[in-house]
Amino acid sequence: MPKAVRYSEFGELDVLQVIEVPRPVPGPGEVLVEVRAAGINPGEAAIRRGQVQQRWPSTFPSGQGSDLAGVVLELGPGVTDFAVGDEVLGFTHNRASQAELAVAQVDQIVPKPAGVSWEVAGSLYVVGATAYAAIRAVGLTAADTVVVSGAAGGVGSITVQLAVHAGATVIGVAGEGNHGWLREHGVVPVAYGEGLAERILAAADGPVDAFIDTFGDGYVKLAIELGVSPERIDTIIDFAAVETYGVKAEGSGEASTAEVLSILANLLDQGVFEIPIAAVHPLAEVQQAFRELEKRHTRGKIVLLPQAGS
């Protein structure tokens, strides 16, 4: 029987288990994928702890994971766009990608470019779609100066690269250890902490036009204090600030289409942006993978490899 991540109650890392589960069966318009790589994301930790139960309810036992890349093993009824053996990347909304086998709808997967590694392909969806949606939400143009908090994290590292690609002046808030990477990618780095507003204004050498918050912890309030209009502020995490300040909260949910996924896969294949891979783990090490992720100091993505000693 195939193995998958499961948990049966809200809690910390110890509730996560890797167990044998029945083989998934693809329905109409679905395919069964042998998962070669599945990225992990902070939102999954929040769901597991029950912190977002009102926004994203859970039922138990629960699986976990959206991002996936792998090989098509079986076609559901009516599927003609893919064939057994196709290499694909994409997502599932069924909290099921952290597994050896997963079912995905055909409108949630696209062909994997041959030049993109499994680790990178399996990390694309959540961070890529979220970054794409956030940039679109603030209406970014080449004339703008934009600040991105958490600029070296999973979403932040993609956001800054896509913002540079759009021609904007990009200021990235991150720890000193990530400043070299940000500079290499055309981003002006500033360190977080006391005096941040002054450092941002000095780096901007003019007004800040837009702000994308990928970290939370008061950055939306900072954006307002910097004079950024609420309609040009997007946060992917601080939902309380959305209510308080009337800013946007557009993320992967607003860009979860095969069209966007294809655009991102092509840009990735062309080298327009990269997805830094911080660490890879077999499925059995899911607790360790999330332990690293939840420290919130990872550059790029942590990835599970379900076929590697799981």
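Above this text you will find the structure in question.
Our subject in this report is the structure included herewith.

Thresholds applied
- Residues numbered from 1 in each chain as written.
- Predicted model: local features only at pLDDT ≥ 70, side-chain atom pairs only at ≥ 80, totals over all residues.
- Heavy atoms only, no water.
- Helix = DSSP H or I, 4+ residues; strand = E, 2+ residues; numbered from the N terminus.
- Rg over C-alpha atoms; globule rule 2.2 N^0.38 Å.
- Buried < 20%, exposed > 50% of the residue type's maximum accessible area, 1.4 Å probe, protein only.
- Contact = heavy atoms within 4.5 Å.
- Core = buried A, V, L, I, M, F, W, Y, C linked by side-chain atoms within 4.5 Å.
- Polar contact = N/O pair within 3.5 Å; in protein donor to acceptor, adjacent residues only side chain to side chain.
- Pairing = 2+ DSSP bridges.
- Axes fitted to C-alpha atoms, helices over the stretch in contact; angles between N-to-C directions.
- Arc of directions from axis to C-beta.
- Phe/Tyr/Trp six-rings, centres within 6.5 Å; stacked < 30°, edge-to-face > 60°.
- Right-handed = clockwise from strand over helix to strand, strands pointing away.
- Expected span 1.5 Å × (residues − 1).
- Parallel < 35°, antiparallel > 145°, perpendicular 65-115°, else oblique.
- Left-handed = near helix turned anticlockwise from the far one by under 90°.
- Nonpolar A, V, L, I, M, F, W, Y, C, P; charged D, E, K, R; others polar.

A few words now on the overall build of the chain. Secondary structure assignment for the chain yields 10 helices and 14 strands. Its C-alpha atoms give the chain a radius of gyration of 19 Å, within 12% of the compact-globule value 19 Å for 310 residues. Based on the C-alpha atoms only, the size of the chain along its principal axes is roughly 60 × 40 × 35 Å. The 310 residues of the chain split such that 54% are buried. Taking as baseline every contact in the chain between residues at least 6 positions apart, the subset at least 24 positions apart corresponds to 67%.

With 49 residues, the main nonpolar core has Leu-124 and Phe-273 as its most contacted residues. Broken down by element, the residue count for this core peaks at 9 residues, all from helix α3 (residues 124-137). In this structure, Phe-273 is in contact with Leu-124, Ile-158, Gln-161, Leu-162, Leu-264, Leu-267 and Leu-268, ignoring residues within four places of it in sequence.

Time to look at the side chain of Asp-67. With respect to the element layout, Asp-67 can be found in strand β4 (residues 67-75). Among the residues examined, Asp-67 registers a relative accessible area of 0% and is labelled buried. Of note is the side chain of Asp-67, whose polar atom sits 3.1 Å from the side chain of Asn-41. In this structure the side chain of Asp-67 is engaged in a polar contact, spanning 2.8 Å, whose partner is the backbone nitrogen of Val-126. In this structure Asp-67 touches Ala-37, Ala-38, Gly-39, Asn-41, Gly-90, Ser-97, Gly-122, Ser-123, Leu-124, Tyr-125, Val-126 and Lys-301, once residues within four positions along its chain are discounted.

The strand order β10-β9-β8-β11-β12 describes an open sheet built from 5 strands, whose pairing is parallel. For this open sheet the edge positions go to β10 (188-190) and β12 (233-235), each flanked by a neighbour on one side alone. Averaged over neighbouring strand pairs, the angle between their axes works out to 15° when direction is ignored. In the sheet, strand β8 (residues 145-149) pairs with strand β11 (residues 210-213) via 4 bridges, with the strands oriented parallel. Within β11, the residue paired with Val-148 across the bridge is Ile-212. Where helix α4 (residues 154-165) meets the sheet, its contacts fall on β8, β9 (169-173) and β11, and the angle it forms with β8 comes to roughly 170°.

This part takes up helix α10 (residues 286-293). Among all positions in α10, only Val-286, Ala-289, Phe-290 and Leu-293 are buried. Across the axial projection of α10, the buried residues extend over an arc of 90°, all falling on one side.

Let us now look at the packing of aromatic side chains. As enumerated under the stated definition, the model contains 6 aromatic pairs in all. With a centroid separation of 6.0 Å and an interplanar angle of 65°, the aromatic rings of Tyr-7 and Phe-60 are classed as edge-to-face. With Tyr-7 in the loop between β1 (3-6) and β2 (17-20) and Phe-60 in the loop between α1 (42-49) and β4, this pair connects stretches of sequence that are 53 residues apart. The class for Tyr-7 is buried, based on a relative accessible area of 2%.

So, on to the pairing of strand β14 (residues 301-305). Buried residues dominate β14, accounting for 5 of its 5 residues. In this sheet, β14 lies alongside strand β3 (residues 30-39) in antiparallel orientation, the contact comprising 2 bridges. Following the sheet pairing, Ala-38 is matched in β14 by Leu-304. Judged from the 5 bridges that link them, strand β13 (residues 277-282) and β14 form a sheet pairing that is parallel. Following the sheet pairing, Ala-279 is matched in β14 by Ile-302. For the handedness criterion, the β-α-β arrangement of β13, α10 and β14 is classed as right-handed.

Each turn of an α-helix holds 3.6 residues, which means side chains three or four residues apart point in the same direction. The first and last C-alpha atoms of helix α9 (residues 258-269) sit 16 Å apart over 12 residues, in line with the 16 Å expected at 1.5 Å per residue. Those residues of α9 hidden inside the fold are in contact with β5 (87-91), β7 (109-111), α2 (118-121), α3 and α4. Phi turns positive, to about 80°, at Gly-271, one or two residues after α9.

Below, the discussion takes up the packing of α3 against α4. It is the contact of α3 with α4, at a shortest axis distance of 8 Å, that shows an interaxial angle of 50°. The orientation of α3 relative to α4 falls into the category oblique. For the pair α3 and α4, the crossing hand works out as right-handed. Counted together, Val-127, Gly-128, Thr-130, Ala-131, Tyr-132 and Ile-135 of α3 and Gly-154, Val-155, Ile-158, Thr-159, Leu-162 and Ala-163 of α4 form the full contact between these two elements. Considered class by class, the residues forming the contact of α3 with α4 number 8 nonpolar, 4 polar and no charged.

This part is about the environment of Val-106. Among the structural elements, Val-106 can be located in the loop between β6 (101-105) and β7. Val-106 gets classed as partly exposed once you look at its relative accessible area, which sits at 23%. Aside from chain neighbours lying at most four places away, what touches Val-106 is Gly-29, Glu-30, Val-31, Val-79 and Phe-82.

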